[in-house]
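These are the residues of each chain, in order.
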Amino acid sequence: MKEKEFLTQLTYEPLTKKTWSAFENLFGEKGACGGCWCMYDRIKKTDFAEGKYESNKQSFKEIVWSGKPTGLLAFYEDEAIAWCSLAPRENFMRIENSRVHKRIDDKPVWSMTCFFIKKEFRNCGLSTALIESTKKYAKQNKIKFLEAYPTIPYSKKMPDSFAWIGIYSAFKKAGFKIINHASKSRPMVRYEVK
């Protein structure tokens, strides 16, 4: 199937109780990466290390069950094949306490901190599609500012784990602008939703 045709068949839904099992299938036994279960930026480093796998999974499930926003899933033929973490910046403790990515103003920012794409669907434009769907979701939900902290690759061959925070070129293509470059390899980028 041609890439463009594949991407036009995707649907997107927020993670809720209803879509939890699809999310669970996407993340698999390893919780996406090393038992993360999308808790890395949400809790203290020591708590994260102690809570890998089941504890992180249970903590994230509790956040979902509470009804708080956590992110969007991309579906292809009724299967979740990709994830984008999305929530108000204050929900991400590590970002809020980061010296490199500290707040630059008091705007009501929502952060996109993580992407996870099923292996067989990587390198086909899905990251860009997820970013665009997140922009649409933001507009529909009156979210004014999207922020992310992507990587600028240092080589063509890069470990997948570096791509899970997003690649800068995909955000640039989607209209995000660098607003802070305290980190040479991980700029802070922002998009104003109109």
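Refer to the structure above for everything that follows.
Because the structure is a prediction, the values reported are computed rather than measured.

Colleague: Looking at this structure, I do not really get the environment of Pro 150. What am I missing?
Modeller: Examined against the element boundaries, Pro 150 turns out to sit in the loop between strand S5 (145-148) and helix H7 (160-163). Assessed through its relative accessible area of 0%, Pro 150 is described here as buried. Here the alpha-carbon distance between Pro 150 and Ser 127, two residues 23 residues apart in the chain, equals 12 Å.

Colleague: Honestly, helix H4 (residues 54-65) in this entry has me stumped. Any pointers?
Modeller: The α-helix winds at 3.6 residues per turn, so residues separated by three or four positions along the chain end up facing the same way. Compared with an ideal rise of 1.5 Å per residue, which puts twelve residues at 16 Å, H4 spans 16 Å between its outermost C-alpha atoms and is within 8% of the ideal. Of all the positions in H4, only Asn 56, Lys 57, Phe 60 and Val 64 are classed as buried. Axial view of H4: buried residues confined to an arc of 100 degrees, hence all on one face. Among the structural elements, helix H2 (20-27), helix H3 (45-50) and strand S3 (79-88) are those in contact with the buried residues of H4. Count one or two residues on from H4 and you reach Gly 67, which has phi positive near 90 degrees.

Colleague: Just to check I follow, could you spell out the side chain of Arg 94 for this structure?
Modeller: Summarising the element assignment, Arg 94 is placed in helix H5 (residues 93-96). It turns out Arg 94 is buried and unbridged, and the closest side chain with the opposite charge, Asp 41, is 5.3 Å from it. With sequence-adjacent residues up to four places away left out, Arg 94 is seen in contact with Tyr 40, Asp 41, Ile 43, Lys 44, Lys 45 and Phe 48.

Colleague: Is there a simple way to explain the nonpolar core in this structure?
Modeller: Nonpolar side chains in soluble globular proteins tend to end up buried together. If you look at the biggest cluster of nonpolar residues, it comprises 31 residues, and the most contacted ones within it are Ile 81, Met 112, Leu 126, Ile 131, Leu 146, Phe 171 and Phe 176. Broken down by secondary-structure element, the contributors of at least two residues to this core are strand S2 (71-76), S3, strand S4 (109-117), helix H6 (126-140), S5 and helix H8 (168-173). With six residues, H6 is the largest single contributor of residues to this core. Those residues in contact with Ile 131 that sit more than four places away from it in its chain are Met 112, Phe 115, Ala 170, Phe 171, Ala 174 and Phe 176. Residues Ala 32, Phe 60, Val 64 and Leu 73 belong to the second largest nonpolar core, which totals 22 residues.

Colleague: Explain the packing of aromatic side chains to me, please; I cannot follow it from the model alone.
Modeller: Given two aromatic rings, one states the distance between the centres and the angle between the planes to describe the pair. Within this structure, the stated rule accounts for 20 aromatic pairs. Look at Phe 115 and Phe 171: their rings are 5.8 Å apart centre to centre, the planes differ by 70 degrees, and that puts the pair in the edge-to-face class. Here Phe 171 lies in helix H8 and Phe 115 lies in strand S4, a separation of 56 residues in the sequence. The same class applies to Phe 115 and to Phe 171, which are both buried. Between the NZ or CZ atom of Lys 61 and the centre of the ring of Trp 65, over which it lies, the distance is 4.9 Å. The ring of Tyr 40 has Arg 94 lying over it, and the distance from NZ or CZ to the ring centre is 3.7 Å.

Colleague: What is the right way to read the sheet that holds S5 from this model?
Modeller: Consider a sheet: its strands pair through backbone hydrogen bonds, and that pairing is either parallel or antiparallel. The sheet built from seven strands is open, its strands ordered S1-S2-S3-S4-S5-S7-S6 with mixed pairing. What marks the edges here is a single partner per strand, and that holds for strand S1 (11-14) and strand S6 (177-180). Strand after strand, the sheet turns through a mean of 35 degrees between neighbouring axes, direction not considered. Of the strand pairs in this sheet, S6 and strand S7 (residues 188-192) are connected by three bridges, and their pairing is antiparallel.

Colleague: Looking at this structure, how should I read the pattern of salt bridges?
Modeller: A pair can form between side chains of opposite charge whenever their charged atoms are brought close. In the structure shown here, the tally under the stated rule is eleven salt bridges. Between Glu 96 and Arg 103 there is a salt bridge, and its shortest N-O distance comes to 3.0 Å. What makes Arg 103 partly exposed here is its relative accessible area of 33%. A salt bridge links Glu 147 to Arg 190; the nearest nitrogen and oxygen atoms lie 2.7 Å apart.

What counts as what
- Residues numbered from 1 in each chain as written.
- Predicted model: local features only at pLDDT ≥ 70, side-chain atom pairs only at ≥ 80, totals over all residues.
- Heavy atoms only, no water.
- Helix = DSSP H or I, 4+ residues; strand = E, 2+ residues; numbered from the N terminus.
- Buried < 20%, exposed > 50% of the residue type's maximum accessible area, 1.4 Å probe, protein only.
- Expected span 1.5 Å × (residues − 1).
- Arc of directions from axis to C-beta.
- Contact = heavy atoms within 4.5 Å.
- Lys, Arg positive; Asp, Glu negative; His and termini not counted.
- Salt bridge = Lys/Arg side-chain N within 4 Å of Asp/Glu carboxyl O.
- Core = buried A, V, L, I, M, F, W, Y, C linked by side-chain atoms within 4.5 Å.
- Phe/Tyr/Trp six-rings, centres within 6.5 Å; stacked < 30°, edge-to-face > 60°.
- Lys NZ or Arg CZ within 6 Å of the ring centre and 35° of its normal.
- Pairing = 2+ DSSP bridges.
- Axes fitted to C-alpha atoms, helices over the stretch in contact; angles between N-to-C directions.

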